[in-house]
Amino acid sequence: MKFIVSSTYLLKHLQVLGGVINNSNTLPILDNFLFELDNSTLKVSASDLETTMSSVLEVESDATGNIAVPARLLLDTLKTFPEQPLTFVVQDNNTVEISSNHGKYAVAYADGAEFPKTVSLDNPSSTTIVGDVLATAISKTIFAAGNDDLRPVMSGVFFQFSPENLTFVATDAHKLVKYTREDIAASEVAEFIMPKKPLNLLKSILAGNDAEVKVEYNDSNAKFSFENTELVSRLIDGKYPNYEAVIPKENPNKLTVERNQFLNSSRRVSIFSNKTTHQLRLKIAGAELNISAEDLDYSNKAEERLNCDYQGDDIQIGFNSRFLIEMLNNLNANDVQLEMSLPNRAGILTPIDGLDEGEQITMLVMPVMLNN
């Protein structure tokens, strides 16, 4: 088995696939890339059992075969090469010899047959979505997903597809984000929960990419195919909580404020907040928003005033500053609206501008009890 490939072209693909490999694997074979050669096509795969990702590369060869090559060693070596052709030759003594313009390197390989087989999806449902749109949907929601191992369903992003729209939801019970695209639809209704790791991989590859992504899914797995890459991931098992039930419908108090001002003030004032509660107090009366925080243990306090547009009764409400700042950071609007009903009910944050056609985003943040 022998093939010739460009060093930078190989490195570019392997760096993407390397994101799948864990630092500590239960099975030693998972520390490798699987190389499957079929004449001039080389399919390279990486897996952590839950997620498997593969890319198809064009190489010069007329051989076939498959081997598993140590990932870390190969990546570290490739990073040091300037652009040049590399020749890979599999030797009889269980090593693969890599020849560059200046030297030769021998790497021990494992049998490709030991590598876990990629799951094939039986009669899956499918929909197509533009790569950049999917990357945006992931980045707008993934930060709100939880990290609690006891509630695995909340540790992923909920995909809800219907003939009307596509909806993506993430929550950790303190904050919730719902992102909807009305300009894209699926042929049938489907719901599944994707884990964070494969979504982060997709987000980094697809950002700014106009490629069509084919999403196929059944009850246990989802597969994303685009250009010459495929990612198959096991879904999180379980029923997603009824998120619609926690979004308050009647919110008579509406605050409109410039996002950047609100974000910067919240950042500054939160430095003075209590280090365990991170409590930020919003006091709204007339056209003035008063943001304050204090840490009684250290006698630190801060307060800022902003002009705003407000309709409703005067209100004082407390939020966790980390959640509020994270949400404001994830919007790219000039102005945002915060809707509230009572100090003990969730606030709803929505952008007023900066959205694409057919794009909707609703963020919900739970209040914290104010210590008067």
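The structure this text deals with has already been given above.
Residues numbered from 1 in each chain as written. Predicted model: local features only at pLDDT ≥ 70, side-chain atom pairs only at ≥ 80, totals over all residues. Heavy atoms only, no water.

**Student:** Any chance you could explain the overall build of the protein chain here in plain terms?
**Tutor:** Within the protein chain one finds six helices and 27 strands. C-alpha atoms of the protein chain, sized along the principal axes, occupy 80 × 50 × 35 Å. Counting across all 372 residues of the protein chain, residues that qualify as buried make up 52%. Pairs at least 24 apart in sequence give 65% of the contacts found in the protein chain among residues at least 6 apart. Placing the 31 positive and 50 negative side-chain charges of the protein chain at their respective mean positions leaves the two points 6 Å apart. (Helix = DSSP H or I, 4+ residues; strand = E, 2+ residues; numbered from the N terminus. Buried < 20%, exposed > 50% of the residue type's maximum accessible area, 1.4 Å probe, protein only. Contact = heavy atoms within 4.5 Å. Lys, Arg positive; Asp, Glu negative; His and termini not counted. Charge placed at Lys NZ, Arg CZ, Asp CG, Glu CD.)

**Student:** Got a minute to help me understand the packing of helix α5 (residues 259–270) against helix α6 (residues 321–329) in this structure?
**Tutor:** The geometry of α5 relative to α6 is characterised by a closest axis approach of 10 Å and an angle of 150° between their N-to-C directions. One finds that α5 runs roughly antiparallel with respect to α6. The hand of the α5/α6 crossing is left-handed. Residues R259, F262, L263, S266, R267 and S270 of α5 pack against S321, L324, I325, L328 and N329 of α6. Among the residues making up the contact of α5 with α6, the classes are represented as five nonpolar, four polar and two charged. (Axes fitted to C-alpha atoms, helices over the stretch in contact; angles between N-to-C directions. Parallel < 35°, antiparallel > 145°, perpendicular 65-115°, else oblique. Left-handed = near helix turned anticlockwise from the far one by under 90°. Nonpolar A, V, L, I, M, F, W, Y, C, P; charged D, E, K, R; others polar.)

**Student:** Which parts of the structure should I look at to understand the layout of surface pockets?
**Tutor:** A probe matching the size of a water molecule, rolled over the atoms, marks out where space remains unfilled. Put simply, the largest pocket is a space of about 420 Å³. F158, E191, F192, I193 and G238 are the residues nearest the centre of the largest pocket, which is lined by 23 residues in total. Every element with two or more residues in the lining of the largest pocket is listed here: β11 (156–161) and β14 (190–195). Of all the elements, β14 adds the most residues to the lining of the largest pocket, at four residues. Residues belonging to the lining of the largest pocket are distributed by class as follows: eleven nonpolar, six polar and six charged. Estimated volume of the second largest pocket: approximately 330 Å³. In terms of lining residues, the second largest pocket is bounded by 16 residues, among which Q279, R281, S292, A293 and E294 are the most central. Listing elements by their share of the lining of the second largest pocket, those giving two or more residues are β19 (279–285), β20 (288–295) and β21 (300–307). Within the lining of the second largest pocket, the residues separate by chemical class into three nonpolar, six polar and seven charged. (1 Å grid on protein atoms, 1.4 Å probe; cavity = no way out; pocket = protein on both sides within 12 Å on 5 of 7 lines; lining within 4 Å. Points joined across faces, edges and corners; volume = space filled by probe spheres on them.)

**Student:** Looking at this structure, I do not really get α5. What am I missing?
**Tutor:** An α-helical turn contains 3.6 residues, so a residue and the one three or four places further along point in the same direction. In this model α5 runs 16 Å from its N-terminal to its C-terminal C-alpha over twelve residues, within 8% of the 16 Å that 1.5 Å per residue would give. Within the sequence span of α5, burial applies to R259, F262, L263, S265, S266, V269 and S270. Those residues of α5 hidden inside the fold are in contact with β18 (253–258), β19, β20, β21, α6 and β24 (335–340). (Expected span 1.5 Å × (residues − 1).)

**Student:** When you look at the packing of helix α3 (residues 131–141) against helix α4 (residues 196–206) in this model, what are you seeing that I'm missing?
**Tutor:** If you want to describe how two helices pack, look at the angle between their axes and the distance between the axes. Relative orientation of the contacting elements α3 and α4 amounts to 135°, with a least axis distance of 8 Å. As summarised for this structure, α3 and α4 are arranged oblique, according to the angle between their axes. Seen along the crossing, α3 lies across α4 with a hand that is left-handed. Taking contact as the criterion, the partners of G131, D132, L134, A135, I138 and S139 in α3 are, on α4, L199, L202, K203 and L206. The class makeup of the residues in the contact of α3 with α4 is six nonpolar, two polar and two charged.

**Student:** Quick question: what am I supposed to make of the environment of A186 here?
**Tutor:** Within the secondary structure layout, A186 lies in the loop between β13 (175–181) and β14. In this structure A186 comes out as buried when scored by relative accessible area, which is 6%. Sequence-distant contacts of A186, that is, excluding residues within four places in its chain, are made with T127, F161, S162, P163, L166 and Y217.

**Student:** How do you make sense of the side chain of D48 when you look at a structure like this?
**Tutor:** Looking at where D48 falls in the secondary structure, it is placed in the loop between β3 (41–47) and β4 (51–58). In terms of polar contacts, D48 uses its side chain to reach the backbone amide nitrogen of T51, at 2.7 Å. Side chain to side chain, D48 and K197 meet in a polar contact 2.8 Å long. (Polar contact = N/O pair within 3.5 Å; in protein donor to acceptor, adjacent residues only side chain to side chain.)

**Student:** Would you mind going over the sheet that holds β4 with me for this structure?
**Tutor:** Picture the strands of a sheet paired through backbone hydrogen bonds; they go either parallel or antiparallel. Strands sit in the order β9-β5-β2-β3-β4-β17-β16-β15-β10 across an open sheet of nine strands; the sheet is antiparallel. Two strands bound the open sheet, and with one partner strand each, they are β9 (110–111) and β10 (125–130). Each of β2 (32–38), β3 and β4 touches helix α1 (residues 7–18); the most contacted strand, β4, lies at about 170° to it. (Pairing = 2+ DSSP bridges.)

**Student:** Honestly, the packing of aromatic side chains in this entry has me stumped. Any pointers?
**Tutor:** By convention here, two paired aromatic rings are described through the distance between centres and the angle between planes. The full count for this structure, using the stated rule, is 14 aromatic pairs. An angle of 65° between the planes, with centres 5.6 Å apart, marks the rings of F81 and Y105 as edge-to-face. Pair noted here: F81 is in the loop between α2 (71–78) and β6 (85–90) and Y105 is in strand β8 (residues 104–108), with a separation of 24 residues, a long-range link. On the basis of an interplanar angle of 75° and a centroid distance of 5.6 Å, the ring pair of F161 and Y217 is categorised as edge-to-face. Taken as a pair, F161 in strand β11 and Y217 in strand β15 (residues 212–217) lie far apart in primary sequence, 56 residues in all. (Phe/Tyr/Trp six-rings, centres within 6.5 Å; stacked < 30°, edge-to-face > 60°.)

**Student:** Sorry if this is basic, but what is going on with the pairing of β14 here?
**Tutor:** When a strand is regular, its side chains alternate between the sheet's two faces. Judged by how many residues are buried, β14 sits mostly within the fold: five of six residues are covered. Judged from the six bridges that link them, β11 and β14 form a sheet pairing that is antiparallel. What sits directly across from F159, in β14, is F192.

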